[in-house]
Amino acid sequence: MRRISFFISGVALVLAVAACGGGGKSVPSNAVAVVGSQSIPKSDYDALVTQTKRNYAATKHPYPKAGTVAIANLRAVYVQFLVQASEYRQEADKEGIKVTKQDVDARLQQIKKQYYNNPTGQKPATQAQMDQRYEAALKQQGFTDKEVRSGLEIQLVRERVQRSVVKGVKVTDNDIKKYYDDHKQQYTEPARPESRSVRHILLKTKAQADDLYAQLRAKPSRFASLARKFSQDPGSKPYGGLLPGGALKGHLLKPFERVAFSLKVNEISKPVHTSAGWHIIQALGPVKAPTKAKPLPFSQVKNTIRAVLLDNKQRAAVTKWESDFKNSYCKKISYQTGYSPPPGQDPCKAKASSTSTPTTTG
């Protein structure tokens, strides 16, 4: 239910970090700022205030009082969100980037499936069920569907502008090989102790264990089905008792380990008691000798390294672009009286003393 609140506040905080100002342009009386060629209407600012107050009321949080540092900081978030949203939209226009209603619908549907579906393992929720849960979350958080869609629209604009920034970023095979050679210790198959493939059924009492052992002696092929039905081990039960990753020597309860590594292949043990309960164990394969740590072949990790390097290069490209992007708008933003960033919060100006008191308009 908190996903809607997290999403909208997350968008605002992400966008707020990059806006800046100091343009000296005349700001219309019905606007809070001018960004490049666009004015930000006071009505957009008022809508954000109303939205936040509604959210605070729905979640039982007191809204900051007029004249406080808290309200000044909140006002800065409102204005900077609107300023950078305008900046990104203007950049999108330059790049010919468009976000349609269908794009927003698709992203919202993706969110509904991710957060308002049934848990994994259950039958998928119907569209009506997901819509109902989404509407309940909106009501609980005090948001409207229109506000969520507006937040998604600017998020998509931002993503597509940044995607345009990184479209020419590439990683060469030489880059990948050099990184592999310089970081071979990161691409090593760890040492593995003596091991074997084992499955087991964990039971609470010896009487239960004796009963199932008798059934398995009569019909060993029932091991997996009985494990799924009766085993008390949640880690192996869904797999018919099979221990994921196999039994590793030195990583098991000693009575279990002693029996597991002494059985013949396919042999089923009598009930074995440990601090966890009573186990019936079956060895499914031979004991494998321990192995030493060894480097993973370059061919096996090449694509993984490529993805890491590409992500790093793209992040660096976006960071540099955003820095240049912010600086390019420093002389293109003007604020209405009472709406400029508090001292020390405008990245286009030297930070003022932390003891300064912000000017507020209520």
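Everything in this summary refers to the structure shown in the same document. This is a predicted model, so every value here is computed, not measured.

Parameters and conventions
Residues numbered from 1 in each chain as written. Predicted model: local features only at pLDDT ≥ 70, side-chain atom pairs only at ≥ 80, totals over all residues. Heavy atoms only, no water. Pairing = 2+ DSSP bridges. Helix = DSSP H or I, 4+ residues; strand = E, 2+ residues; numbered from the N terminus. Axes fitted to C-alpha atoms, helices over the stretch in contact; angles between N-to-C directions. Contact = heavy atoms within 4.5 Å. Salt bridge = Lys/Arg side-chain N within 4 Å of Asp/Glu carboxyl O. Buried < 20%, exposed > 50% of the residue type's maximum accessible area, 1.4 Å probe, protein only. Core = buried A, V, L, I, M, F, W, Y, C linked by side-chain atoms within 4.5 Å. Expected span 1.5 Å × (residues − 1). Polar contact = N/O pair within 3.5 Å; in protein donor to acceptor, adjacent residues only side chain to side chain.

Description of the sheet that holds strand β5 (residues 198-203)
Item 1. Strands sit in the order β5-β8-β7 across an open sheet of 3 strands; the sheet is antiparallel. At either margin of the open sheet sits one strand with a lone partner, and together these are β5 and β7 (272-274). Strand-to-strand, the axes of this sheet are offset by a mean angle of 35°, without reference to chain direction.
Item 2. Helix-sheet contacts for helix α8 (residues 206-218) involve β5 and β8 (277-283), and the interaxial angle to β8 is about 20°.
Item 3. Helix-sheet contacts for helix α9 (residues 223-230) involve β5 and β8, and the interaxial angle to β5 is about 40°.

Some words on the sheet that holds strand β10 (residues 333-335)
Item 1. Here we have 3 strands laid out as an open sheet, ordered β2-β1-β10, and antiparallel in their pairing. Looking at the sheet topology across the chains shown, the edges are occupied by β2 (38-41) and β10. Along the sheet, successive strands turn relative to each other by an average axial angle of 20°, direction set aside.
Item 2. With 3 bridges connecting them, strand β1 (residues 31-35) and β10 associate as antiparallel partners. In the sheet register, A33 faces β10, and the bridge partner there is Y335.

Here's the deal with the pairing of β2
Item 1. Judged from the 4 bridges that link them, β1 and β2 form a sheet pairing that is antiparallel. When the sheet's bridge partners are listed, A33 is paired in β2 with I40.
Item 2. The antiparallel hairpin formed by β1 and β2 contains 2 residues in its connecting segment, where G36 sits at a positive phi of about 60°.

A short note on the pattern of salt bridges
Item 1. Scanning all chains against the criterion turns up 21 salt bridges.
Item 2. A salt bridge links R54 to E147; the nearest nitrogen and oxygen atoms lie 2.8 Å apart. Taken together, the residues span a long stretch of sequence, with R54 in helix α2 (residues 42-58) and E147 in helix α6 (residues 145-166) at a distance of 93 residues.
Item 3. Taking relative accessible area as the criterion, R54 reaches 30% and is therefore assigned partly exposed.
Item 4. Residue K313 pairs with D175 through a salt bridge whose shortest N-O separation is 3.6 Å. Highlighted residues: K313 in helix α11 (residues 298-329) and D175 in helix α7 (residues 173-182), separated in sequence by 138 residues.
Item 5. Given the relative accessible area of 31%, D175 is considered partly exposed.
Item 6. One network of salt bridges, with partners in common, ties together K101, D105, D145 and R149.

Side note on the nonpolar core
Item 1. Grouped together as the largest cluster of nonpolar side chains are 41 residues, with contacts concentrated most on I40, Y45, V83, Y88, V157 and V161.
Item 2. Apart from residues no more than four positions distant in its own chain, V157 is found in contact with Y88, R89, A92 and V99.
Item 3. In terms of nonpolar packing, the next biggest core, distinct from the first, is built from 12 residues, A209, L212, L226 and A227 among them.

Digging into α6
Item 1. Along its 22 residues, α6 runs 32 Å from first to last C-alpha, staying within 8% of the 32 Å computed at 1.5 Å per residue.
Item 2. Restricting attention to buried positions, one finds in α6 the residues E147, V148, G151, L152, I154, L156, V157, V161, Q162, S164 and V166.

Quick notes on the side chain of S195
Item 1. If you trace the backbone, S195 turns up in strand β4 (residues 195-196).
Item 2. There is a polar contact of 3.4 Å between the side chain of S195 and the side chain of R192.
Item 3. Aside from chain neighbours lying at most four places away, what touches S195 is A247, L248, F261, P286, V287 and K288.

Looking at the environment of L296
Item 1. Its location among the elements puts L296 in the loop between β9 (294-295) and α11.
Item 2. Along the chain, L296 and K184 lie 112 residues apart, while their C-alpha atoms are 8.3 Å from each other.
Item 3. For L296, the contacting residues outside a window of four places in its chain are Y180, Y187, T188, E189 and V301.

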